[in-house]
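As a plain string of letters, each chain reads:
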Amino acid sequence: MLGAITANAGLLWLAIAILLGGAELLVPGVFLVFLAIAAAITGVAVFALPVLPPLGQLACFAVWSTIAILIGRRWYFDFPVASSDPLLNDRAARLIGDIVTVVEPITEGEGRVKVGDGVWTATGADAPEGARLQVTGIHNGKLIVEPQITLS
């Protein structure tokens, strides 16, 4: 059994590459594709060096996985993917411009405001409980609030 696996190790690595590539298409996350590339390179290496032992194959896969991931990270850093909602996973930044209600008076520059169904610490000018303020920024996990801006 082991002899058959080692005899067809190149095909096995290419099959793994295809499975990883297919998994990337089914569950996109831009990670499995790099492992698929490493598996394909390992498969080609096994065809070129049929005497490469299983431990050497695993080492080849590990090295090429690392190289592919590093190249991929650099690629996505240099050429970021445009998003229709760049603040999707930045909840605090999404709050900028929202109107909030003071639930604990802002005194000496700090208090608490209601945001949706939660309460956040806020900094800004003194304001009484019930005042409506606008979020203008975030600093160290605290909302920066100012009196509501009204356009006439």
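By convention here, each chain's residues receive numbers from 1 onward along its written sequence. Restriction of local features to residues with pLDDT of at least 70 applies here, the model being predicted, together with a cutoff of 80 or more for giving and counting side-chain atom pairs; totals for whole chains, interfaces and linings are based on all residues. Hydrogens and water are ignored here; the side-chain numbers use all heavy atoms of the structure.

## Focus on a nonpolar patch on the surface
Test applied: Note that patches include only residues with greater than 30% relative accessible area and no salt bridge, and the join distances are 9 Å for like charges and 5 Å for nonpolar side chains (Val, Leu, Ile, Met, Phe, Trp, Tyr). Residue-level accessible areas treat just the shown protein chains as cover; the underlying method is Shrake-Rupley with a 1.4 Å probe. Note on definitions: salt bridges are taken to be side-chain nitrogens of Lys or Arg within 4 Å of carboxyl oxygens of Asp or Glu. Counting from the N terminus, the helices are the DSSP runs of H or I reaching at least four residues and the strands are the DSSP runs of E reaching at least two.
Taken together, the side chains of Val-30, Val-33, Ile-37, Trp-75, Tyr-76, Phe-79 and Val-81 present a nonpolar region at the surface, about 670 Å² in accessible area. Of all the elements in the fold, those that place two or more residues in the nonpolar patch are α3 (32–48) and α4 (54–78). Relative to the helices and strands, Val-33 is located in helix α3.

## Some points on the sheet that holds strand β3 (residues 118–124)
What counts is decided by this rule: Here a strand pair is declared whenever DSSP counts at least two bridges between the two strands. Here an angle of 0 to 180 degrees is reported between the N-to-C directions of two axes, which are lines fitted to C-alpha atoms, with helices fitted over the stretch in contact.
Taken in spatial order, the five strands of this closed barrel run β1-β2-β3-β5-β4, and their pairing is mixed. Across the sheet, the axes of successive neighbouring strands diverge by a mean angle of 50°, strand direction being ignored. Looking at chain direction, strand β1 (residues 99–107) and strand β2 (residues 110–115) are connected through four bridges and run antiparallel. If you follow Thr-101 over to β2, its bridge partner there is Lys-114.

## Things to note about the side chain of Ser-65
Note the following rule: Throughout this description, buried means an accessible area under 20% of the type-specific maximum (1.4 Å probe, protein chains only), exposed means over 50%, and partly exposed covers the range between. Throughout this description, a polar contact denotes any pair of N or O atoms lying within 3.5 Å of each other; where both atoms belong to protein, one of them has to be capable of donating a hydrogen while the other can accept it, and for residues adjacent in sequence the pair is counted only when both atoms sit in side chains. Between two residues, a contact is recorded if the distance between any of their heavy atoms is within 4.5 Å.
Relative to the helices and strands, Ser-65 resides in helix α4. Judged by relative accessible area, which is 8%, Ser-65 ranks as buried. Here Phe-61 takes part through its backbone oxygen, which lies 2.8 Å from a polar atom of the side chain of Ser-65. With sequence-adjacent residues up to four places away left out, Ser-65 is seen in contact with Leu-35 and Ala-38.

## Quick notes on the nonpolar core
Note the cut-off: By nonpolar core is meant a set of buried Ala, Val, Leu, Ile, Met, Phe, Trp, Tyr and Cys residues that side-chain atoms within 4.5 Å join together.
The biggest cluster of nonpolar side chains holds 15 residues, and the ones touching the most others in it are Val-113, Leu-143 and Val-145. At the level of elements, β1, β2, β3, β4 (132–139) and β5 (142–147) are the ones that each hand at least two residues to this core. Considering each element in turn, this core owes the most residues, three residues, to β1. If we skip the residues at most four places from it in the chain, Val-145 touches Val-100, Ile-106, Ala-122, Thr-123, Gly-124, Ala-125, Leu-133, Gln-134, Val-135 and Thr-136. Ranked by size, the runner-up nonpolar core spans ten residues in total, among them Leu-35, Ala-38, Ala-39 and Val-46.

## Looking at the packing of helix α2 (residues 9–26) against α3
Quick note on the threshold: Each angle receives one of four descriptions, namely roughly parallel if under 35 degrees, roughly antiparallel if over 145, roughly perpendicular if within 65 to 115, and oblique otherwise. Throughout, a crossing is termed right-handed when the near helix is turned clockwise from the far one, and left-handed when it is turned anticlockwise from it by less than a right angle. Residues were grouped as follows: Ala, Val, Leu, Ile, Met, Phe, Trp, Tyr, Cys and Pro as nonpolar; Asp, Glu, Lys and Arg as charged; and all remaining residues, including Gly, as polar.
As a packed pair, α2 and α3 sit with axes 8 Å apart at the nearest point and diverge in direction by 165°. Relative to α3, α2 is oriented roughly antiparallel. In this structure, the crossing between α2 and α3 has a hand that is left-handed. From α2, Ala-9, Gly-10, Leu-11, Trp-13, Leu-14, Ile-16, Ala-17, Leu-20, Gly-21, Ala-23 and Glu-24 reach across to α3, where they touch Leu-32, Val-33, Leu-35, Ala-36, Ala-39, Ala-40, Thr-42, Gly-43, Val-46 and Phe-47. Of the residues contributing to the contact of α2 with α3, the split by class is 16 nonpolar, four polar and one charged.

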